[in-house]
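One-letter residues, chain by chain:
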Amino acid sequence: MERTGAEVYCHKFHAQMNQFHPLQFFSASPYTLKMQENSSCGSHGINSVGIIRAPRGDGKEAIVLVTPYNSSKIDLSEALSLGLAYSIFSLLSRVNWLAKDFVWLAADSRYGEYNSVAAWLKDYHTPVFVGLKEFDTDTCAESSYPHDWKEHSTTARSIPDVFGRAGTIAAALVFKVVDRQETTDKDTLNIYSEASNGQMPNLDLINIVHYLAVHKQGLHVKVEKFYLLLNSAWLRIVGEIFELIGKVAKNLNPQWKFGIPAADYIEGTATLASSVYYQALGIPTGSHGAFRDYQVDAITLEISPRVSLNNEARRPEFLLRGGRLIEGVIRSVNNLLEKFHQSFFLYLMTSSGKFVSVGVYMIGFALLVSPLPVAAAALYSGLRTSDSSLNTNKHKANPSSTEAYGTVLKSWRWLHAAKVVFVVHLWGVLVSLVPCLIIQLPERTPTSSMLAWVSLSILSLVTLYGILGSPYSYIISPQYQRREWEILKAVMIAVASIGLGLMSIINYATAQIGAVLMVPMCLLAVPLRHISRSGMSRAVLLTIFNLVVAFLSFPPVTMLLIKGFSEGFDSVSVGDFWIWAQSLWTWNSATYLYLILIHLPCWALCIHILLHPC
C-alpha cells in the first residue's frame with residue numbers, strides 16, 4: 001500500500017467472543033462484548049488499512065473495499081483476493097476521476113471475518129482522545145489501537161501512529177475469491193446481502209452489481225437458495241399448474257402475460273424461501289452485516305471460476321473480469337451525488353434480478369393476521385350476549401342477588417384473564433434469562449444445557465403459579481366457568497396480534513413465519529372437554545387438529561423438524577435447539593426475543609386453554 005503513495009496504517013484489535021447478556025438486545029452490538037477467555041492482550045489481529053484521498057472530492061464521503069484473509073494461513077483464494085484488491089487500489093491511486101475517498105481494508109480474519117471488520121468500524125466511528133486510550137477496561141489494559149512505530153523494510157518509511165479516517169462511508173463491498181468450481185459454463189458471482197435482524201442494503205446497490213456482472217462481464221450471478229426445494233415433487237407440480245394457467249390465459253388474451261415457466265417458479269420459490277429464512281434468523285450472512293449497524297449499504301461478493309484456480313492459463317482472464325466488476329461498481333458509487341435512498345430497503349429476493357417489495361408481501365401478512373382481532377371481537381360480543389341473557393333469566397327468579405353477582409363478575413372477569421396472560425408472559429421473560437445461569441455451569445454439553453433450560457423453565461412456571469396464584473384457583477360458578485376460557489382466549493389473541501404487529505416492524509420475515517404457526521394455533525384452541533361434547537367425528541377431528549398444531553408450533557419441535565427434513569433425522573438431537581438459540585442471542589437477534597417473549601407464552605396459553613376445566 002505504501003508504494004502507491006496512499007495513507008497507510010495498521011489497526012490492532014483483540015479477539016472477542018459473543019456471550020449472552022440480556023441488556024445487549026437493547027444497547028450494544030455483538031462485537032462490543034468481552035474478550036475470549038482463552039485470549040490475552042498478546043493475542044490480537046492486525047488489519048491493514050490504506051486510504052486514497054480523492055483529487056476531486058472534499059473528503060466528506062468514502063467508499064470501502066474489504067478483503068478478508070487469514071493472516072496465520074493464507075490459501076490461494078485469499079492470496080488472489082488480496083492481489084486483485086491491490087491492483088484495484090494501485091489503479092485508483094493514479095486516476096483523476098475519483099470524487100470520494102477510497103479505503104481498502106485488508107481484514108485479518110483469524111478470529112472471524114465479522115469481528116475484524118466490526119472492530120475497525122467501531123473505532124472508525126468512535127473518537128478517541130489522547131490520554132483516554134484505556135477506556136475499555138473489560139478487554140485489555142492496553143489500547144486497542146496499534147500505536148507502535150514500525151519501520152518498513154523496503155521503503156524505510158515509518159507508518160504514522162494515527163488511526164486514519166476518511167469521510168462518511170457511502171457504500172462498502174466485501175470481495176472474496178473462492179475456489180468453488182461451478183457446474184455452469186461461466187464464472188459465478190454469489191451475492192450475500194442479509195444483515196442483522198433482517199436488514200437489507202438499498203436494492204440499487206445489488207442492481208448495479210447484477211447489471212455490471214451480467215451485461216458487462218458475462219458472469220453468472222446467484223443468490224442463496226434452498227436447494228432442497230429444487231428437487232421437491234409437489235413444488236414442481238404446483239409450478240406446472242401455474243405454467244398451464246398462464247398458457248391458457250395467454251390464449252384467451254395475448255396481453256395477459258403473468259405465466260412463468262415451471263423451472264423459474266421452482267427456482268424463485270427456493271430463493272424466496274432462503275431470503276425469508278435468513279432474514280428471519282437475524283444473523284448476518286457475512287462481514288457486510290457490520291456496516292448495516294452503521295446504516296451503510298454493503299454486500300459481500302464471492303466470485304468463483306468455472307475451472308480450478310490452479311489453472312494458470314485461465315487465471316488472468318478470471319481476475320480481469322473480477323477487477324473490472326469491482327472498478328465498475330466503484331465508479332458507479334463514485335458518481336453519486338448522495339447516498340442510495342430512492343429504491344427499496346424492505347424486500348425479499350426471488351432471484352438476483354427480481355424481488356418482492358414491501359407493498360406486496362405486507363398484504364399477505366395483513367390478511368394472515370387479520371383474523372386474530374376479528375376473533376377476539378367475536379368472542380367478546382358473544383360473551384356479552386350470553387351474559388345478558390343469563391342475567392335476564394336469573395333476574396326473574398332472584399332480581400337483587402343475580403344482578404349484583406353479574407355486575408361484580410363482569411367487572412373482574414377481564415382482570416382475571418389479564419392476570420393469567422401477564423403471569424405467562426412474565427414466565428417468558430424468566431425463560432429468556434435462564435441461559436445466563438446455564439452458561440456458568442462447568443462441563444456442560446448442548447444436550448445437558450437444553451435439558452437444564454427446560455427443567456428450569458418448568459420450575460419457574462410452577463413457582464410463578466404458586467406466588468401469583470394458579471389460573472385454576474379462580475373460583476366461579478359452574479355456569480360462568482364454561483365461558484371463562486373464551487374470555488382468556490380473547491385476551492390471548494389480542495396480545496398475540498399486538499406482538500406479531502410489533503415484530504413485523506422489527507423483522508418482517510420472523511413475523512411472517514411466526515404468523516403461519518401462531519394464527520392457526522390461536523384460532524383452533526378450544527378446551528378438549530368442550531370438544532368432547534360435540535359429535536364423535538367432529539370431536540375427533542378437532543382434537544387431532546389442535547394436538548397436531550400445538551405440537552408443530554412448539555419452537556424446538558419446529559426447528560428440529562426443519563433440520564431433519566433438510567439434513568436428515570439421523571443428525572438431529574435435542575441439543576441442536578440450544579446451539580441454534582445460542583447463535584440467536586449471541587448475535588442479538590430479535591428473533592430470540594420473539595420466540596421467548598411472544599411465541600412461547602402464546603403457545604403455553606393455548607395449551608392452558610386446551611386443558612381448561614370447563
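If you check an unreviewed UniProt entry, the protein chain appears there as Glycosylphosphatidylinositol anchor attachment 1 protein from Aquilegia coerulea.

Enquirer: Requested: an account of the overall build of the protein chain, with residues and values cited.
Expert: Scanning the protein chain for helices and strands turns up 19 helices and twelve strands. Counting all 614 residues of the protein chain, 48% fall into the buried class. Long-range contacts, defined here as pairs at least 24 residues apart, represent 81% of the contacts in the protein chain between residues at least 6 apart. When the accessible surface of the protein chain is summed, it comes to about 29500 Å², and 62% of that surface belongs to carbon and sulfur atoms.

Enquirer: Break down helix 8 (residues 315–334) for me, with residues and values.
Expert: The end-to-end C-alpha distance of helix 8 is 28 Å, a good match for the 28 Å that 20 residues give at a rise of 1.5 Å each. Residues of helix 8 that are buried include every one of Phe318, Gly322, Gly323, Leu325, Ile326, Gly328, Val329, Ile330, Val333 and Asn334, and no others.

Enquirer: Explain the UniProt feature "transmembrane region" (unreviewed entry) in the protein chain to me, using residue names and the numbers behind them.
Expert: Sites flagged by UniProt as "transmembrane region" (unreviewed entry) map to residues 358–380, 420–441, 453–475, 487–506, 512–528, 540–562 and 592–611. Secondary structure across residues 487–506 divides into 100% helix and 0% strand, with the first and last C-alpha atoms of the span separated by 29 Å. Overall, residues 592–611 shows 95% helix and 0% strand. The separation of its end C-alpha atoms is 27 Å.

Enquirer: Could you give an account of the packing of helix 5 (residues 233–252) against helix 6 (residues 262–281), naming the residues involved and the relevant values?
Expert: Between helix 5 and helix 6, the least distance of the axes is 8 Å, while the angle of their chain directions is 130 degrees. Compared by their axis directions, helix 5 and helix 6 come out oblique. For helix 5 against helix 6, the interelement crossing comes out right-handed. Residues Leu235, Arg236, Val238, Gly239, Glu240, Phe242 and Glu243 of helix 5 form the contact with helix 6, whose own contacting residues are Ala262, Tyr265, Ile266 and Thr269. Tallied by class, residues from the contact of helix 5 with helix 6 come to six nonpolar, two polar and three charged.

Enquirer: Break down empty space enclosed by the protein for me, citing the residues and quoting the values.
Expert: With the rule as written, the count across this model stands at five cavities of 30 Å³ or more. Taken as a whole, the second largest cavity spans an internal volume of roughly 80 Å³. Ile191, Tyr192, Ser193, Glu194, Val223, Glu224, Thr271, Ser275 and Met349 together form the lining of the second largest cavity. Those elements that provide at least two residues to the lining of the second largest cavity are strand 8 (188–192) and helix 6. Split by residue class, the lining of the second largest cavity holds four nonpolar, three polar and two charged.

Enquirer: Describe in detail the pairing of strand 10 (residues 297–304), supporting the description with residues and values.
Expert: Where burial is concerned, most of strand 10 is hidden: eight out of the eight residues are buried. Of the two faces of strand 10, the one carrying Asp297, Ile299, Leu301 and Ile303 and the one carrying Ala298, Thr300, Glu302 and Ser304 are both buried. By the bridge criterion, seven bridges tie strand 7 (residues 168–177) to strand 10 in an arrangement that is parallel. Directly across from Val174, in strand 10, lies its bridge partner Thr300. Summarising the sheet, strand 8 and strand 10 pair through five bridges and their orientation is antiparallel. In the strand pairing of strand 10, Asn190 is matched with Glu302.

Enquirer: How would you explain the pairing of strand 8 if you had to name every residue and give the values?
Expert: Of all the five residues making up strand 8, five are buried; the element is thus mostly covered by neighbouring parts of the structure. Side chains Thr188, Asn190 and Tyr192 project from strand 8 onto one buried face, and the interleaved Leu189 and Ile191 project onto a second face that is buried too. Inspection of the sheet shows strand 8 paired to strand 9 (residues 220–223) by four bridges, in the parallel sense. Within strand 9, the position partnered with Leu189 by the bridge is Val221. With helix 3 (residues 203–216) bridging strand 8 and its parallel neighbour strand 9, the resulting β-α-β unit is right-handed.

Thresholds, definitions, all that
Residue positions within a chain follow its written sequence, with the count starting from 1. Two thresholds apply to this predicted model, a pLDDT of at least 70 for residue-level local features and 80 or more for giving and counting side-chain atom pairs, whereas whole-chain, interface and lining totals are computed over all residues. Excluding hydrogens and water, the side-chain figures rest on all heavy atoms present in the structure. Only DSSP runs of H or I covering at least 4 residues are called helices, and only runs of E covering at least 2 are called strands; the numbering of each starts at the N terminus. With a 1.4 Å probe rolled over the protein chains alone, any residue whose accessible area is under 20% of its type maximum counts as buried; one over 50% counts as exposed, and the rest are partly exposed. Whether two residues touch is decided by their heavy atoms; if any such pair falls within 4.5 Å, the residues are in contact. Methods summary: accessible areas were calculated by the Shrake-Rupley approach with a probe of 1.4 Å, and residue burial reflects only the protein chains presented. One fewer than the residue count of a helix, multiplied by 1.5 Å, yields its expected span. UniProt positions are given in the numbering used here, feature names are shortened, and annotations may be inferred rather than shown by experiment. Every axis corresponds to a line fitted to the C-alpha atoms, with the helix fit spanning only the stretch in contact, and the corresponding angles, defined between N-to-C directions, vary from 0 to 180 degrees. Orientation is classified from the angle alone, with under 35 degrees giving roughly parallel, over 145 giving roughly antiparallel, 65 to 115 giving roughly perpendicular, and any other angle giving oblique. Helix crossings are classified by the rotation of the near helix relative to the far one: an anticlockwise turn of less than a right angle makes the crossing left-handed, while a clockwise turn makes it right-handed. Residues are sorted three ways: Asp, Glu, Lys and Arg are charged, Ala, Val, Leu, Ile, Met, Phe, Trp, Tyr, Cys and Pro are nonpolar, and all the rest, Gly among them, are polar. Grid spacing is 1 Å over the protein atoms alone, the probe is 1.4 Å, and a cavity is where that probe fits but cannot get out, while a pocket is an open set with protein on both sides within 12 Å along at least five of seven lines and lining residues have an atom within 4 Å of a point. Grid points are joined across faces, edges and corners, and a volume is the space filled by probe spheres set on the points. Strand pairing is assigned whenever DSSP detects at least two bridges linking the two strands. The handedness of a crossover follows from its direction of travel: if, with the strands pointing away from the viewer, the path from the first strand over the helix to the second runs clockwise, the crossover is right-handed.

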